[in-house]
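Next come the chains, spelled out residue by residue.
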Amino acid sequence: MKIAIVSSLRGGVGTFTLSLIYGLSKVSSDTFDVYVVSPQISSLHRELISNFLSKRSNFRLVHLCDVNKKLLSGNIETIFRFLFGEVSFENYDIVHFNYTWALGAYSIGSAFRSKNVAIVQTVHGLPPLKFVSPELTPFFFLENYVLKKIFLGGVIVVANSHYLSNLLKKLNLRAITIHNGIVDFFFDRSIDKEHAKRLIDIGDKKVILYVGSIDKRKNPLPAILGAAYVCRKLKNCFLILVHPRRTKLMEKVIRILNMYGVRYEVFHDLSLEELITTYEASDIIVSSSKIESFGYTILEAMACAAYPIVMKAGAFPEIVGNAGTLVEDDNPKSFARAIYRCALLNQQKLEELQYLARQRAMMFTATNMARKYLKIFNLLVEGCRSTHRNI
């Protein structure tokens, strides 16, 4: 079976794609070609390709646009290549799309001329328009148009969480739910938090971690300000912010942290090993996002035995389950109370909670995810288009 995966290698979609390839290479000898639709491959994803995927003989990258272009111009280049029929998937058994706008452009350009190619579309999120940056607004409308018009015969739609499946139902679109998974090396490591804290020079402090952008889309203030209050109140707590983009909201947060004398550190451009070390050094990870369709960073931190304190919204309840704290109220005080209670626990009780978080994360491996996708692919190749059943 020959499979084309159409995706970007940026953000959560890039992490998903490389995790899927990693898992498929473990459970299948089939050939996988990844058609990269967007420029600007992140350094973390480049490292993952170099360290774990470059030696796989059944894996190949095909770039549909200049990787050095800006995001908007690169995406437009890809769209035109699809529209003018420059990209053909006739030699493949399965084409797996991870961007709905790419599927829309391909469908218009090819009109699905090759009827022997089965199409699978994974939807990774449905953010409200107010959270979409201006330069990506056209792609937002294209994605929503395609989703509302999935008249594209034979397309199997997959959602990465039940939360997202329920959102798709509002568009009268039925989707199979397959949770994302993280690569197995997160679980192959033995966790030594004391050693990890020495490596990042934190000492024996309890580390509260926030990972990701500090912008209105992520609703970061309740989690960060709640953590800041605890770090100011308890001298043995320390706040780490990882990979925040330079935004006005981030600058405001930094000013607040400095004003109140909060002990914190900001990490940029971490390597994969440095990121995992930071996860391992962390005791608690927080997020107050309300529209997370999966939550890779939370799951990765849980795999490294960080206890999650997250918003009771989006896909967090089904990912975290009973292995974390779900905060119902969208304000810093509620997060501060939850973090404070956890930070006051004795070391043995905290380690028990962290162990439960790690065990919960083991339910979401790349290998398990790949097996479920492979089952769909095989059913489609065998001609079983009616796959809307329990996969």
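Residues numbered from 1 in each chain as written. Predicted model: local features only at pLDDT ≥ 70, side-chain atom pairs only at ≥ 80, totals over all residues. Heavy atoms only, no water.

Trainee: I'm lost on the sheet that holds strand β2 (residues 31-36) in this one. Help?
Mentor: By way of backbone hydrogen bonds, the strands of a sheet pair with one another, either parallel or antiparallel. Overall, parallel pairing links the seven strands, which are arranged β3-β2-β1-β4-β5-β6-β7 in an open sheet. One side of each edge strand has no neighbouring strand; the edge strands of this open sheet are β3 (59-63) and β7 (176-177). Relative to strand β5 (residues 118-123), strand β4 (residues 94-97) runs parallel, the two sharing four bridges. Considered in β5, the bridge of H96 is made with V120. (Pairing = 2+ DSSP bridges. Helix = DSSP H or I, 4+ residues; strand = E, 2+ residues; numbered from the N terminus.)

Trainee: How should I be thinking about unusual backbone geometry in this particular structure?
Mentor: With glycine set apart, most residues show a phi of negative sign, and most peptide bonds adopt trans. Of note, the phi angle at D201 is positive, near 60°, even though the residue is not glycine. Phi is positive for N219, close to 50°, though the residue is something other than glycine. Within the secondary structure, N219 sits in the loop between β8 (206-211) and α9 (221-233). Overall, N219 belongs to the buried group, its relative accessible area being 17%. (Buried < 20%, exposed > 50% of the residue type's maximum accessible area, 1.4 Å probe, protein only.)

Trainee: Sorry, what's going on with the side chain of D184 here?
Mentor: Secondary-structure assignment places D184 in the loop between β7 and α7 (185-188). One buried charged residue, D184, remains without a salt bridge, the closest side chain of opposite sign being K26 at 5.0 Å. A polar contact is formed between the side chain of D184 and the side chain of T367, at a distance of 2.8 Å. Excluding its chain neighbours within four sequence positions, the residues that come into contact with D184 are Y22, K26, T365, A366 and T367. (Lys, Arg positive; Asp, Glu negative; His and termini not counted. Salt bridge = Lys/Arg side-chain N within 4 Å of Asp/Glu carboxyl O. Polar contact = N/O pair within 3.5 Å; in protein donor to acceptor, adjacent residues only side chain to side chain. Contact = heavy atoms within 4.5 Å.)

Trainee: Is there a simple way to think about the packing of aromatic side chains in this case?
Mentor: The geometry of two aromatic rings is summed up by the distance between their centres and the angle between their planes. The full count for this structure, using the stated rule, is 15 aromatic pairs. Centroid distance F82 to Y106: 5.9 Å. Interplanar angle 70°. Geometry classified as edge-to-face. With a gap of 24 residues between them, F82 in helix α3 (residues 71-83) and Y106 in helix α4 (residues 100-110) connect regions that are remote in the sequence. Judged on exposure class, the residue F82 and its partner Y106 are both buried. What links up through ring pairs into an aromatic cluster is the set Y35, F82, F89, Y92, F97 and Y106. Sitting over the ring of Y92, K2 keeps its end group 4.9 Å from the ring centre. (Phe/Tyr/Trp six-rings, centres within 6.5 Å; stacked < 30°, edge-to-face > 60°. Lys NZ or Arg CZ within 6 Å of the ring centre and 35° of its normal.)

Trainee: I keep staring at the pairing of strand β12 (residues 307-311) and nothing clicks. Help me out?
Mentor: Counted residue by residue, β12 has five buried out of five residues, so it is predominantly covered. When strand β11 (residues 284-287) meets β12, the two strands line up parallel, connected through four bridges. Its bridge partner being in β12, I284 is matched across the sheet by Y307. Between the parallel elements β11 and β12, the chain passes through helix α12 (residues 296-303) in a crossover that is right-handed. As paired elements, β12 and strand β13 (residues 325-327) share three bridges and run parallel to each other. Its bridge partner being in β13, I309 is matched across the sheet by T325. (Right-handed = clockwise from strand over helix to strand, strands pointing away.)

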